[in-house]
Amino acid sequence: MTETLHIVGGGMAGSEAAWQAARAGINVVIHEMRPKVGTFAHRTDKLAEMVCSNSFRSDDDEQNAVGLLHWEMRKAGSLIMQAADAHRLPAGGALAVDREPFSQMVTERLRTHPNVSLSTEEVTDLPDTGHWIFATGPLTSPALGEAIRRATGAESLAFFDAIAPIVYADSIDMSVAWRQSRYDKGETEEERTAYVNCPMDRDQYEAFIDALLAADKTEFHEGEETSAPNPTPYFDGCLPIEVMAERGRDTLRHGPMKPVGLTNPHQPDVKPYAVVQLRRDNKLGTLYNIVGFQTKMKYGAQTQVFRMIPGLENARFARLGGIHRNSFINSPTLLDSQMRLKSRPNIRFAGQITGVEGYVESAAMGLLAGRMAAAEILGRPLPDIPQDSAMGALIHHITGGAEAKTFQPMNVNFGLFRPVEGLKGGRRGRKDRYKAYTDRAKAAWLDWLGAAALDAA
């Protein structure tokens, strides 16, 4: 095999694409500009660095679409899922990951693969020849972003994403807080106690909301303001907490601070008015991130406001929250069903830059792009991705199923799946309906894997 696949970006999507193509016997070069060219969000030179949360979300492959996507990726030999499973942390029914050894494992597996090499030179243009996958993620460099704009003749779309703060565990007051997963989810005691909970009464909650709304916020650059003539929208799945609070004083209490499914052992007869949850962020249990607390508050304001949370009065922060502008392309307009740029079919896009949202979704699109590129190089075209699988539902959405005029980043969800006929609608029929979706998806995915085998080793 003399033809080489070039992959630009060593995040979740790029790493997974490289792994899938290399396993098929393709020579791969990963072009990752870090550490020569950094970003404000990345902290290491490792591949597949987890920048925001450390959660892959639900691992339930029968009742949850992202859990189903986990299942499909595992069946396809996903490196990202292998590393996530090897370094998972207790998180109830979710798949949370110890982020540093996770990225270390991905990096080592790719660096030592005989078909993979790594280049740290920045790619600033779209090549006219060769086989390329651009998986540069939401923090695509300005130079490359401009090259994409020139090549597509369209402005990149964008949205704001936010990062939650991380707290040192030994600075949490456990005489106030307690360990419990919501509804005691989890098969082991460690999983059932995976979260630290900080309770609030009504007065504390109201004071917290007042402080949140009054706090100094990050100023946007020109053209980034959400009130601009062509505003950059927030992604609804990752709203800053102060934006949620602006939508109504009880929004947080019915969102990330909901008190349901929890009992405070310090005061078992007192129902908290709201609860702030922290999830373990590393295997040692020395770091916890504040769940759902993405924020655009300035650093000084963050420490003041977050120390109003009972149990966090003396909190020390390993990382404070932040906000950044994420770029993505209008995939329904620009990409074909093989994730190729219609105007330059030697180039594929994968990952979050295509308009999927989330670690798992990004890696899944990398998995497909890597397999598609490998099949093309090998002269063995793949059958169409089955639309009834989670993979198929997601790629169908970004390459034509979504409305181009209103295209926005999307997590995988059952709303992207074709209905199963003859099942009851509404909440009462949801459990049977979701099980029907996942059963159908698993059968379709296994059939496709059997027909699309590429593995050389």
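The structure under discussion appears in the preceding block.
Criteria and thresholds
- Residues numbered from 1 in each chain as written.
- Predicted model: local features only at pLDDT ≥ 70, side-chain atom pairs only at ≥ 80, totals over all residues.
- Heavy atoms only, no water.
- Helix = DSSP H or I, 4+ residues; strand = E, 2+ residues; numbered from the N terminus.
- Rg over C-alpha atoms; globule rule 2.2 N^0.38 Å.
- Contact = heavy atoms within 4.5 Å.
- Areas by Shrake-Rupley, 256 points an atom, 1.4 Å probe, with all protein chains shown as cover.
- Lys, Arg positive; Asp, Glu negative; His and termini not counted.
- Charge placed at Lys NZ, Arg CZ, Asp CG, Glu CD.
- Salt bridge = Lys/Arg side-chain N within 4 Å of Asp/Glu carboxyl O.
- Buried < 20%, exposed > 50% of the residue type's maximum accessible area, 1.4 Å probe, protein only.
- Pairing = 2+ DSSP bridges.
- Axes fitted to C-alpha atoms, helices over the stretch in contact; angles between N-to-C directions.
- Core = buried A, V, L, I, M, F, W, Y, C linked by side-chain atoms within 4.5 Å.
- Left-handed = near helix turned anticlockwise from the far one by under 90°.
- Nonpolar A, V, L, I, M, F, W, Y, C, P; charged D, E, K, R; others polar.
- Parallel < 35°, antiparallel > 145°, perpendicular 65-115°, else oblique.

### A short note on the overall build of the protein
At step 1: From N to C terminus, the protein includes 13 helices and 17 strands.
At step 2: Relative to the compact-globule value of 23 Å for 457 residues, the protein shows a C-alpha radius of gyration of 22 Å, a close match.
At step 3: Taking the principal axes of the C-alpha coordinates as reference, the protein spans close to 65 × 50 × 45 Å.
At step 4: Partitioning the contacts of the protein with sequence separation of at least 6, the portion at a separation of at least 24 is 71%.
At step 5: Total accessible area on the protein is roughly 19200 Å²; 49% of this is exposed by carbon and sulfur atoms.
At step 6: Taken together, the 51 basic and 56 acidic charged side chains of the protein have centroids lying 3 Å from each other.

### A short note on the pattern of salt bridges
At step 1: By the definition in use, this model includes 22 salt bridges.
At step 2: With a shortest N-O distance of 2.7 Å, Asp281 and Arg99 are connected by a salt bridge. Separated by 182 residues along the polypeptide, Asp281 in the loop between β12 (274-280) and β13 (287-290) and Arg99 in helix α4 (residues 99-111) bring together distant segments of the chain.
At step 3: Take Asp281: its relative accessible area is 2%, and that puts it in the buried class.
At step 4: Here Arg249 makes a salt bridge to Asp210, at a shortest N to O gap of 2.9 Å. Note that Arg249 is positioned in the loop between α8 (241-246) and β12 and Asp210 in helix α7 (residues 202-214), a separation of 39 residues in sequence.
At step 5: With a relative accessible area of 44%, Asp210 lands in the partly exposed category.
At step 6: Each of Asp59, Arg74, Asp85 and Arg88 takes part in a single network of salt bridges with overlapping partners.

### Considering the sheet that holds strand β5 (residues 94-97)
At step 1: Read from one edge to the other, the open sheet built from three strands follows the order β3-β5-β4, with strand pairing classed as antiparallel. Every interior strand has two partners, whereas the edge strands, β3 (55-58) and β4 (88-89), have only one.
At step 2: Judged from the two bridges that link them, β4 and β5 form a sheet pairing that is antiparallel. Note that in β5 the partner of Leu89 across the bridge is Ala96.
At step 3: On top of the sheet, helix α2 (residues 65-75) reaches β3, β4 and β5; it is set at about 115 degrees to β3, its chief contact.

### Comments concerning the nonpolar core
At step 1: In terms of nonpolar packing, the biggest core is built from 81 residues, with Val28, Phe56, Phe102 and Phe417 touching the most fellow members.
At step 2: Ranked by residue count, the leading element in this core is helix α11 (residues 359-378), at 13 residues.
At step 3: Residues contacting Phe102, with those up to four places away along its chain left out, are Met12, Ala48, Met50, Phe56, Ile80, Ala83, Ala84, His87 and Val97.
At step 4: Core analysis: the next-biggest nonpolar cluster, separate from the first, contains 40 residues, Met200, Tyr234, Val243 and Phe306 among them.

### Remarks on the sheet that holds strand β9 (residues 166-168)
At step 1: Pairing is antiparallel across the open sheet formed by six strands, whose spatial order is β10-β11-β12-β13-β9-β14. Because the sheet does not close on itself, it has two edges, and the strands there are β10 (178-179) and β14 (317-319).
At step 2: Pairing analysis gives three bridges linking β9 to β13, with the strands arranged antiparallel. Each bridged residue has a counterpart across the sheet, and for Val167 the counterpart in β13 is Tyr288.
At step 3: Together, β11 (195-200) and β12 form the strand contacts of α7, whose direction differs from that of β11 by roughly 95 degrees.

### Here's the deal with the pairing of β5
At step 1: Here β5 shows two buried faces, one formed by Ala94 and Ala96 and the other by Leu95 and Val97.
At step 2: Linking β4 back to β5 in an antiparallel pair, the connection comprises four residues, with Gly92 at a positive phi of about 65 degrees.

### Quick word on the packing of helix α1 (residues 12-23) against α4
At step 1: As a packed pair, α1 and α4 sit with axes 11 Å apart at the nearest point and diverge in direction by 35 degrees. Note that α1 runs across α4; the crossing there is left-handed. Residues Met12, Ser15, Ala18 and Trp19 of α1 form the contact with α4, whose participating residues are Phe102, Val106, Arg109 and Leu110.
At step 2: Residues of the contact of α1 with α4, tallied by class, amount to six nonpolar, one polar and one charged.

### Regarding the packing of α11 against helix α12 (residues 390-401)
At step 1: Where α11 contacts α12, the axes come no closer than 11 Å and their chain directions differ by 85 degrees. Our classification of the angle between α11 and α12 gives roughly perpendicular. Between α11 and α12, the residues in contact are Glu361, Ala364, Met365, Leu367, Leu368 and Met372 and Met391, Leu394, Ile395 and Ile398, respectively.
At step 2: Among the residues forming the contact of α11 with α12, the class breakdown is nine nonpolar, no polar and one charged.

### What to know about the environment of Ser78
At step 1: Its location among the elements puts Ser78 in the loop between α2 and α3 (79-86).
At step 2: Residues Ser78 and Leu367 lie 289 residues apart in sequence; the distance between their C-alpha atoms is 7.3 Å.
At step 3: Sequence-distant contacts of Ser78, defined by excluding residues within four places in its chain, comprise Glu16, Trp19, Gln20, Met73 and Leu367.

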